[in-house]
Amino acid sequence: MLIDTHSHIYSEEFDADRNEAIGRAKLAGVSHIVLPNIDASSIDRLASLSRSDSEYFYVANGLHPTSVNVDYRKELELIFSDNTFASLTNVVAIGEIGMDLYWDDTFVEEQKHVLDFQLSYAKERKLPVIIHCRNAFGQIMDVMSAGYRSGMTGVFHCFSEDYEAAKQVLDMGFNIGVGGVLTYKKSTLPDVVARIPLTSILLETDSPYLAPVPHRGKRNEPAFVACVAEKLSQIIGRDYDDVCETTSANAKKLFNLN
Ligand code: NI
């Protein structure tokens, strides 16, 4: 059993062959897929896929940091409306949320504010969070380290920081999300995952992005989470089945999946 804890398979990149991609995921042993939202414009797609099979798809609702701009108030209002939550089945987390200062830091203050709002929302409803972090680890930790955030859970998805940062994430009681980057030749992630407990690792694809070797450069899809599990099993010297079972148990626990 494998769980893809981060896929955007509801996106238009899969419009031509979504059912086939889901079939391939099932063949590869993927038992559950978590679908993180991007912004208000992706809710309808997310809702219709999650409703198509509510025992296979689980939803994280939230506003992605790269979609934060001058209109963020309107976005938050739409995303966190009762209507939106009524249209989504199986909301298991708030995500993806966080900060991204890689391409553009124009809206850094807005990103902080939006992250703060969404963390508070998750905390109030006792939901875990899916954190997107790119070139912004220190800023995110600043927002998250506010005392009233203690007791929250979640995952730093597509983790790409060093071991010291990983330790801070684990100390907070959060998990590390590992995807295709683990398989890349120049990745420093193998050294990080080798030093952290398997009980803190979640597997993911972030499909359609960041396809693992040997699919690198092509469209990623949930079935390829098996390549990540295989690589992880080589790096840490544990059985493939053990890696799949332990990381699935981690995901089930965090997101409270059946
Ligand atoms: Ni994502």
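Located above this text is the structure these notes cover.
Note that the structure is a prediction, hence the values are computed from the model and not measured.

About the thresholds
Residues numbered from 1 in each chain as written. Predicted model: local features only at pLDDT ≥ 70, side-chain atom pairs only at ≥ 80, totals over all residues. Heavy atoms only, no water. Helix = DSSP H or I, 4+ residues; strand = E, 2+ residues; numbered from the N terminus. Buried < 20%, exposed > 50% of the residue type's maximum accessible area, 1.4 Å probe, protein only. Contact = heavy atoms within 4.5 Å. Donors = N, O, S within 2.8 Å, 3.2 Å for Na, K, Ca; no water. Phe/Tyr/Trp six-rings, centres within 6.5 Å; stacked < 30°, edge-to-face > 60°. Lys NZ or Arg CZ within 6 Å of the ring centre and 35° of its normal.

**Considerations on the environment of Leu182**
1) Next: Within the fold, Leu182 resides in the loop between strand S7 (175-178) and helix H8 (189-193).
2) Next: Residue Leu182 is classed as buried on the basis of its relative accessible area, which comes to 0%.
3) Next: The spacing of Leu182 and Ile235 is 53 residues in sequence and 9.6 Å in space, taken between C-alpha atoms.
4) Next: Dropping the residues within four chain positions of it, Leu182 is found in contact with Ser187, Leu189, Pro190, Val193, Val228, Lys231, Leu232 and Ile235.

**Details of the coordination of the nickel ion**
When a metal holds four donors in a tetrahedron, each ideal angle between them is 109.5 degrees; when it holds six in an octahedron, the ideal angles are 90 or 180 degrees.
1) Next: Taken together, His6 (NE2), His8 (NE2), Glu96 (OE) and Asp206 (OD) make up the protein donors of the nickel ion, found 2.0 to 2.6 Å from the metal.
2) Next: Along the chain, the residues that donate to the nickel ion are spaced as H-x1-H-x87-E-x109-D. Placement of the pair is His6 in the loop between strand S1 (2-4) and helix H1 (18-27) and Glu96 in strand S4 (residues 91-100), with a sequence separation of 90 residues. Accessibility classification places His6 together with Glu96 in one group, the buried group.

**Focus on unusual backbone geometry**
Keep in mind that most residues, glycine aside, have a negative phi and that most peptide bonds are trans.
1) Next: Residues Gly95 and Glu96 are joined by a peptide bond in cis, for which omega reads -5°.
2) Next: Here the bond from Val213 into Pro214 is cis, since omega is 5°, no more than 30 degrees from zero.
3) Next: Inspection of the secondary structure assignment puts Pro214 in the loop between strand S8 (201-203) and helix H9 (225-236).
4) Next: The residue Asn90 is not glycine, and still its phi comes out positive at about 55°.
5) Next: For Asn90, the position within the fold is in the loop between helix H4 (82-87) and S4.
6) Next: We classify Asn90 as partly exposed; its relative accessible area is 28%.
7) Next: Although it is not a glycine, Cys158 adopts a positive phi angle of roughly 45°.
8) Next: The residue Cys158 is located in the loop between strand S6 (154-157) and helix H7 (163-171) in this model.
9) Next: The class of Cys158 is buried, set by a relative accessible area of 17%.

**Regarding the packing of aromatic side chains**
Centre-to-centre distance and the angle between the planes together describe a pair of aromatic rings.
1) Next: Per the stated rule, a full pass over the model turns up 8 aromatic pairs.
2) Next: Seen in terms of ring centroids, Phe80 and Phe117 are 5.5 Å apart; in terms of plane orientation they differ by 75°. Their pairing is edge-to-face. Pair noted here: Phe80 is in the loop between helix H3 (72-79) and H4 and Phe117 is in helix H5 (residues 108-124), with a separation of 37 residues, a long-range link.
3) Next: Relative accessible area serves as the criterion here: at 33%, Phe117 is assigned to the partly exposed category.
4) Next: Ring geometry for Tyr102 versus Trp103: centroids 4.8 Å apart, planes at 85°, classification edge-to-face.
5) Next: Judged by relative accessible area, which is 39%, Tyr102 ranks as partly exposed.
6) Next: Taken together, the ring pairs in this structure connect Phe80, Phe85, Phe117 and Tyr121 into an aromatic cluster.
7) Next: A cation sits over an aromatic face here: Lys26 above Tyr56, 4.6 Å from the ring centre.
8) Next: Positioned above the aromatic ring of Tyr163 is the side chain of Arg195, whose terminal nitrogen or guanidinium carbon lies 3.6 Å from the ring centre.

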